[in-house]
Each structure stands twice: as structure tokens, then as C-alpha cells.
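Breakdown of the fold
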Amino acid sequence: MAEFFVEGGWGMYPVLVIGLILLASAGRYAFDGEPVRLRFITALSLTQLAFIAATVVGGASKVFWYLESPERVSDAQLPRIFAEGMKECSRSAVLGFPLLGLALILVTIGVYRVGSRELAASRG
């Protein structure tokens, strides 16, 4: 796991922190169904997506910068180094998207529970 974080670079930490806060907020919404939490969860979800995109694009640009010079990389090593670099720059997406997915599952559970509660209340 430590190697996973080292390969992903600095962007792994905000993705992890935002993802854990998102999971906790979504869990609370699934438990209590407070509608005000949905705005916060939406904002955190968009922030998570922005950080994932920024880290992947930033890593990919660094890979392309490194590969552009024939002095740094020979033609024989180019495909291998490209594959390794793209693997490393996608680590934040590998961490962030499952956290986002789990949070959205919890939000879905909360939305279902709130809808069931409202339906039962309207029936009397």
C-alpha cells in the first residue's frame, strides 16, 4: 500500500482525505436523511472529481515531458516507460473513484430511506 501511495505522488493525499470525508458524510446521510447534507456531498463529490482530474492530468503531462527528450529515453525503452508512467499517474483515480462510488451508494440508500419515510407519512 505504501508503494501505491509513493507511485501516485502528492495528489493521493487530498484524494484520500476528501474521499474519507465524503464517505463519512454520505454515511451520515444514509443514517439520518438530513437534506442539507446533500449540498455538502455534492460539493465534495465535485471536488473529488476535480482533484482526480488534476492529479491524473498533471502526472500525464510530466510523463509526456519526460518522454519528449531522446537524451532521457531511448526508443527501445519508450513504450515501457510510457506504460509505467501512465500506471503511476492513474493511481489517484484508482483510489478516488471507488471512494466516490461507495459514497454515492450510501447517498442512494439515504435517498431511498427518505423517500420511503415520506411515502409512509403521506399515507398516514
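An account of the accompanying structure is given in this report. (Residues numbered from 1 in each chain as written. Predicted model: local features only at pLDDT ≥ 70, side-chain atom pairs only at ≥ 80, totals over all residues. Heavy atoms only, no water.)

1. Remarks on the overall build of the protein
Along its length, the protein carries five helices and zero strands. Ordered by position from the N terminus, the helices and strands of the protein form the series α-α-α-α-α. A compact globule built from 124 residues would reach a C-alpha radius of gyration of about 14 Å, whereas the protein, at 20 Å, exceeds it by more than 25%. Reported as C-alpha extents along the three principal axes, the dimensions of the protein are approximately 75 × 20 × 20 Å. Going through the 124 residues of the protein one by one, you find that 32% of them count as buried. For the protein, long-range pairs separated by at least 24 residues make up 70% of all intrachain contacts whose partners lie at least 6 apart in sequence. About 7,900 Å² of surface is accessible on the protein, with carbon and sulfur atoms providing 69% of the total. (Helix = DSSP H or I, 4+ residues; strand = E, 2+ residues; numbered from the N terminus. Rg over C-alpha atoms; globule rule 2.2 N^0.38 Å. Buried < 20%, exposed > 50% of the residue type's maximum accessible area, 1.4 Å probe, protein only. Contact = heavy atoms within 4.5 Å. Areas by Shrake-Rupley, 256 points an atom, 1.4 Å probe, with all protein chains shown as cover.)

2. Focus: the packing of aromatic side chains
Taken as a whole and assessed by the stated rule, the structure comprises one aromatic pair. The lysine or arginine in question, Lys62, covers the ring of Trp65, its NZ or CZ lying 4.3 Å from the ring centre. A cation over an aromatic ring shows up here: Arg72 above the ring of Trp65, its NZ or CZ 4.0 Å from the ring centre. (Phe/Tyr/Trp six-rings, centres within 6.5 Å; stacked < 30°, edge-to-face > 60°. Lys NZ or Arg CZ within 6 Å of the ring centre and 35° of its normal.)

3. Brief notes about the nonpolar core
Grouped together as the largest cluster of nonpolar side chains are ten residues: Ile18, Leu22, Ala26, Tyr29, Ile41, Leu44, Leu100, Ala103, Val107 and Val114. Elements with a contribution of two residues or more to this core: helix 2 (12-32), helix 3 (36-67) and helix 5 (91-123). When neighbours within four sequence positions are excluded, Ile18 is seen to be in contact with Leu44, Thr47, Gln48 and Phe51. With eight residues, the next largest nonpolar core counts Ile52, Ala93, Leu95 and Leu99 among its residues. (Core = buried A, V, L, I, M, F, W, Y, C linked by side-chain atoms within 4.5 Å.)

4. With respect to the side chain of Glu7
Its location among the elements puts Glu7 in helix 1 (residues 2-8). Exposure remark for Glu7: the relative accessible area of 14% places this residue in the buried category. Ignoring sequence-local partners within four residues, the contact set of Glu7 consists of Lys87, Glu88 and Arg91.

5. With respect to helix 3
Look at helix 3: 48 Å from first C-alpha to last across 32 residues, which is about the 46 Å you get at 1.5 Å a residue. The set of residues buried in helix 3 consists of Arg37, Ile41, Leu44, Ser45, Gln48, Ile52, Thr55, Gly59, Ala60, Val63 and Leu67. Among the structural elements, helix 2, helix 4 (78-89) and helix 5 are those in contact with the buried residues of helix 3. (Expected span 1.5 Å × (residues − 1).)

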